Amino acid sequence: MMRILFSTLFALLICSNTSAEVNLKNLHSSRVYSTVLKEYRDVKVLLPNEYNDTYYKYPTIYLLDAETNFDMGIEVLSFLMDNHFIPPHIVVGLPNTDRFRDMTPVDSIMNKNIFRTRGGADNFIKTLELDVFPFIADNFRASTQRLVMGHSYSGLFVVYAFSTRPDLFDKYLAFSPILWWNNKAIVNDIDQFLSNNSSIRKQLFVSFAEEATEMLKSCKSLILSLETKAPSDLKWNYAWMPDESHYTLYRKSLMQGMETIFAEYKYPDVQVLVEKGVEVAETYQRKVLLSYGRNEKLPYSLLENVCIQLKDAERYDDAMAFLKYSISNYPERAESFYYVGEIYEKVNQPKEAVKFYEIAHNKDKGRWDYENKFIAMQKLLVELENKTQNNIDL
């Protein structure tokens with residue numbers, strides 16, 4: 001099922017270039033001085049399209065390796081936000097100045113000749129905590145909910161931050177992380193971290209491709225630790241992408257990871273609503289409000305589709321329940337009142353039917369069919385009243 005959903009999403013992104021366009025007016029570039037690293041760091045920010053029309057504080061997505069991945073990342077993320085696969089976020093891109101220094105944990109002296117500045121992940125974590133996060137909070141309406149994602153060496157950083165500072169982010173996405181670093185020390189660290197914590201209320205997504213032998217072994221060891229030792233409140237998933245290479249899996253990982261992490265945010269399917277009733281819509285609305293602080297309404301077109309199917313199937317009680325829900329959320333829409341009128345007409349309650357046909361007509365006087373139905377129903381009521389009166393007279 002997940003493969004089908006992802007394939008559909010991938011096809012939508014490929015075919016819908018206009019939906020994936022980034023609004024350049026929402027892009028901002030800044031510089032932040034790192035009091036830890038004693039250097040200026042570039043910061044790229046994409047605000048959600050609705051940002052200037054709301055009062056919300058938005059969760060943030062921290063996109064690492066932004067010097068190479070920011071443009072692709074915001075294209076995919078814009079598509080996902082605009083098409084309601086994920087909630088609106090502030091996207092923060094962080095380009096590197098010294099990637100090996102900042103993305104790698106301290107390792108053995110053996111690697112010093114290859115990576116002379118390696119082992120600075122802890123300082124980069126301090127930079128985020130002391131300099132970057134406050135800058136974002138001071139300049140944008142950012143909430144305390146944060147997601148981080150990285151690929152390869154920055155994927156290693158994501159896994160390291162998850163195991164050493166799980167309080168730093170709420171959601172962690174690591175694409176093809178370099179888990180062989182320092183003789184696979186991070187795999188052992190994760191195993192110990194999971195063993196020592198009975199509760200980890202975070203979300204983790206890991207992907208890996210057709211990797212080199214040691215890399216693939218390390219990834220599989222990580223998954224085994226998660227399968228055997230992850231506490232029940234850690235929401236974690238992984239994706240093995242054997243048709244991709246270490247360097248090509250980024251886009252697919254980003255799409256699949258986001259869809260997995262935010263699965264509860266996606267609108268319920270039409271057939272699920274038809275089969276299980278209006279409680280699904282009400283439950284969805286409550287969950288989104290509790291999880292994301294957003295009073296999300298199901299789109300009217302979705303509710304209308306459900307109502308029409310139920311009405312045509314003569315499941316009038318279920319249709320009425322959805323129409324009541326639809327009217328409470330979209331009182332300005334004439335169609336819902338018209339459908340209620342149709343149902344009352346079908347069950348031979350013309351007096352109730354004419355009331356709702358009149359409301360529909362008054363809300364949309366441009367619809368000649370609404371007007372004609374209202375007039376016809378009025379005439380029918382007059383005829384029925386005359387017939388009743390004649391029977392009384394006789």
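Just so it is clear, the structure is predicted and the values come from calculations on it, not from any experiment.

Colleague: Hey, could you go over the overall build of the chain for me, with residue numbers and the actual values?
Modeller: Looking only at helices and strands, the chain has 15 helices and eight strands in total. Here the C-alpha atoms of the chain give a radius of gyration of 28 Å, more than 25% beyond the 21 Å that 2.2 N^0.38 yields for 394 residues. Taken along its principal axes, the extent of the C-alpha atoms in the chain is 110 × 45 × 40 Å. Excluding contacts between residues fewer than 6 apart, the proportion of contacts in the chain whose partners are at least 24 apart in sequence is 70%. For the chain, the exposed area adds up to about 19,700 Å²; of that, 50% sits on carbon and sulfur atoms. Positive and negative side-chain charges in the chain, numbering 45 and 52 respectively, have mean positions lying 4 Å apart.

Colleague: Any details on the nonpolar core? Residues and values, ideally.
Modeller: Leu-77, Ile-86, Met-149, Met-258 and Phe-322 are the most contacted members of the largest nonpolar core, which totals 68 residues. The dominant element in this core, judged by the number of residues it contributes, is helix α2 (residues 66–82), at eight residues. Residues contacting Ile-86, with those up to four places away along its chain left out, are Ile-61, Leu-77, Leu-80, Met-81, Met-258, Phe-262 and Tyr-265. With 54 residues, the next largest nonpolar core counts Leu-128, Val-132, Ile-200 and Leu-216 among its residues.

Colleague: How would you summarise the sheet that holds strand β8 (residues 235–241) if you had to cite specific residues and measurements?
Modeller: With mixed pairing, eight strands are arranged side by side in an open sheet as β1-β2-β4-β3-β5-β6-β7-β8. Each end of this open sheet is capped by a strand with a single partner; those strands are β1 (27–34) and β8. Each strand axis lies, on average, 20 degrees off the axis of its neighbour in the sheet, ignoring direction. As defined by bridge partners, strand β2 (residues 39–46) adjoins strand β4 (residues 90–94) across three bridges and the pair is classed as antiparallel. Across the sheet, residue Leu-46 finds its bridge partner in β4, namely Val-91. Packing against the sheet, helix α4 (residues 121–139) makes contact with β1, β2, β3 (58–64), β4 and β5 (142–151), and its axis sits at approximately 130 degrees to β1.

Colleague: Help me get a handle on empty space enclosed by the protein, residues and values and all.
Modeller: Scanning the model with the defined rule gives two cavities of 30 Å³ or more in all. Lining of the largest cavity is provided by Arg-41, Asp-42, Leu-94, Pro-95, Phe-124, Thr-127, Leu-128 and Val-132. Counting only elements with at least two residues in the lining of the largest cavity, the list comes to β2 and α4. Among the elements that line the lining of the largest cavity, the one with the most residues is α4, at four residues. Considering only residue class, the lining of the largest cavity consists of five nonpolar, one polar and two charged. Looking at the second largest cavity, its volume works out to about 40 Å³.

Colleague: Just give me the short version of the packing of helix α12 (residues 316–329) against helix α13 (residues 334–346), but keep the residues and values in it.
Modeller: Between α12 and α13, whose axes approach to 10 Å, the crossing angle comes to 155 degrees. One way to sum up the angle between α12 and α13 is to call them roughly antiparallel. The hand of the α12/α13 crossing is left-handed. Packed against α12, whose contacting residues are Tyr-316, Ala-319, Met-320, Leu-323, Ser-326 and Ile-327, the element α13 presents Ser-336, Phe-337, Tyr-339, Val-340, Ile-343, Tyr-344 and Lys-346 at the interface. Considered class by class, the residues forming the contact of α12 with α13 number ten nonpolar, two polar and one charged.

Colleague: Quick rundown of α12? Include the residues and the values.
Modeller: Under the 1.5 Å per step criterion, the end-to-end length of α12 is 20 Å for 14 residues, consistent within 8% with the ideal 20 Å. Within the sequence span of α12, burial applies to Tyr-316, Ala-319, Phe-322, Leu-323, Tyr-325, Ser-326, Ile-327 and Asn-329.

Colleague: Could you give me a rundown of unusual backbone geometry, with the residues and numbers involved?
Modeller: Backbone geometry at Asn-183 places phi at a positive 60 degrees, although glycine is not the residue there. Although it is not a glycine, Asn-348 adopts a positive phi angle of roughly 60 degrees. Positionally, Asn-348 belongs in the loop between α13 and α14 (350–363).

Colleague: Run through the pairing of β4, naming residues and quoting values.
Modeller: In terms of burial, β4 is a largely internal element, five of the five residues being buried. Neither face of β4 is left uncovered, since the one carrying Ile-90, Val-92 and Leu-94 and the one carrying Val-91 and Gly-93 both have all their residues buried. The sheet contact formed by β3 and β4 spans five bridges and is parallel. Residue pairing across strands places Tyr-62 opposite Val-92, the latter belonging to β4. Note that the unit made of β3, α2 and β4 has a crossover that is right-handed.

Colleague: Mind laying out the packing of aromatic side chains, listing which residues take part and the relevant values?
Modeller: Scanning the model with the defined rule gives 29 aromatic pairs in all. For the ring pair Phe-162 and Phe-193, a centre distance of 5.4 Å and an interplane angle of 80 degrees mean the geometry is edge-to-face. Here Phe-162, found in helix α5 (residues 153–164), pairs with Phe-193, found in helix α6 (residues 181–196); they are 31 residues apart in sequence, far enough to count as distant. Accessibility assignment for this pair places Phe-162 and Phe-193 in one class, buried. For the pair Tyr-338 and Tyr-370, a centre-to-centre distance of 4.4 Å together with 15 degrees between the ring planes defines the contact as stacked. With Tyr-338 in helix α13 and Tyr-370 in helix α15 (residues 368–393), the pair connects residues that are 32 residues apart, well separated along the chain. Three or more aromatic residues joined by ring pairs form one cluster here, namely Tyr-62, Phe-133, Phe-162, Phe-169, Tyr-172 and Phe-193. Seen from the ring of Tyr-330, Lys-297 lies directly overhead, with NZ or CZ sitting 4.2 Å from the centre.

Colleague: So what's going on with helix α8 (residues 250–261)? Residues and values would help.
Modeller: In this model, α8 (twelve residues) spans 16 Å end to end at C-alpha, consistent with the 16 Å of a helix rising 1.5 Å per residue. Within α8, eleven of the twelve residues are buried, leaving the element largely enclosed by the surrounding structure. Within α8, the full set of buried residues consists of Tyr-250, Lys-252, Ser-253, Leu-254, Met-255, Gln-256, Gly-257, Met-258, Glu-259, Thr-260 and Ile-261.

The rules we used
- Residues numbered from 1 in each chain as written.
- Predicted model: local features only at pLDDT ≥ 70, side-chain atom pairs only at ≥ 80, totals over all residues.
- Heavy atoms only, no water.
- Helix = DSSP H or I, 4+ residues; strand = E, 2+ residues; numbered from the N terminus.
- Rg over C-alpha atoms; globule rule 2.2 N^0.38 Å.
- Contact = heavy atoms within 4.5 Å.
- Areas by Shrake-Rupley, 256 points an atom, 1.4 Å probe, with all protein chains shown as cover.
- Lys, Arg positive; Asp, Glu negative; His and termini not counted.
- Charge placed at Lys NZ, Arg CZ, Asp CG, Glu CD.
- Core = buried A, V, L, I, M, F, W, Y, C linked by side-chain atoms within 4.5 Å.
- Buried < 20%, exposed > 50% of the residue type's maximum accessible area, 1.4 Å probe, protein only.
- Pairing = 2+ DSSP bridges.
- Axes fitted to C-alpha atoms, helices over the stretch in contact; angles between N-to-C directions.
- 1 Å grid on protein atoms, 1.4 Å probe; cavity = no way out; pocket = protein on both sides within 12 Å on 5 of 7 lines; lining within 4 Å.
- Points joined across faces, edges and corners; volume = space filled by probe spheres on them.
- Nonpolar A, V, L, I, M, F, W, Y, C, P; charged D, E, K, R; others polar.
- Parallel < 35°, antiparallel > 145°, perpendicular 65-115°, else oblique.
- Left-handed = near helix turned anticlockwise from the far one by under 90°.
- Expected span 1.5 Å × (residues − 1).
- Right-handed = clockwise from strand over helix to strand, strands pointing away.
- Phe/Tyr/Trp six-rings, centres within 6.5 Å; stacked < 30°, edge-to-face > 60°.
- Lys NZ or Arg CZ within 6 Å of the ring centre and 35° of its normal.

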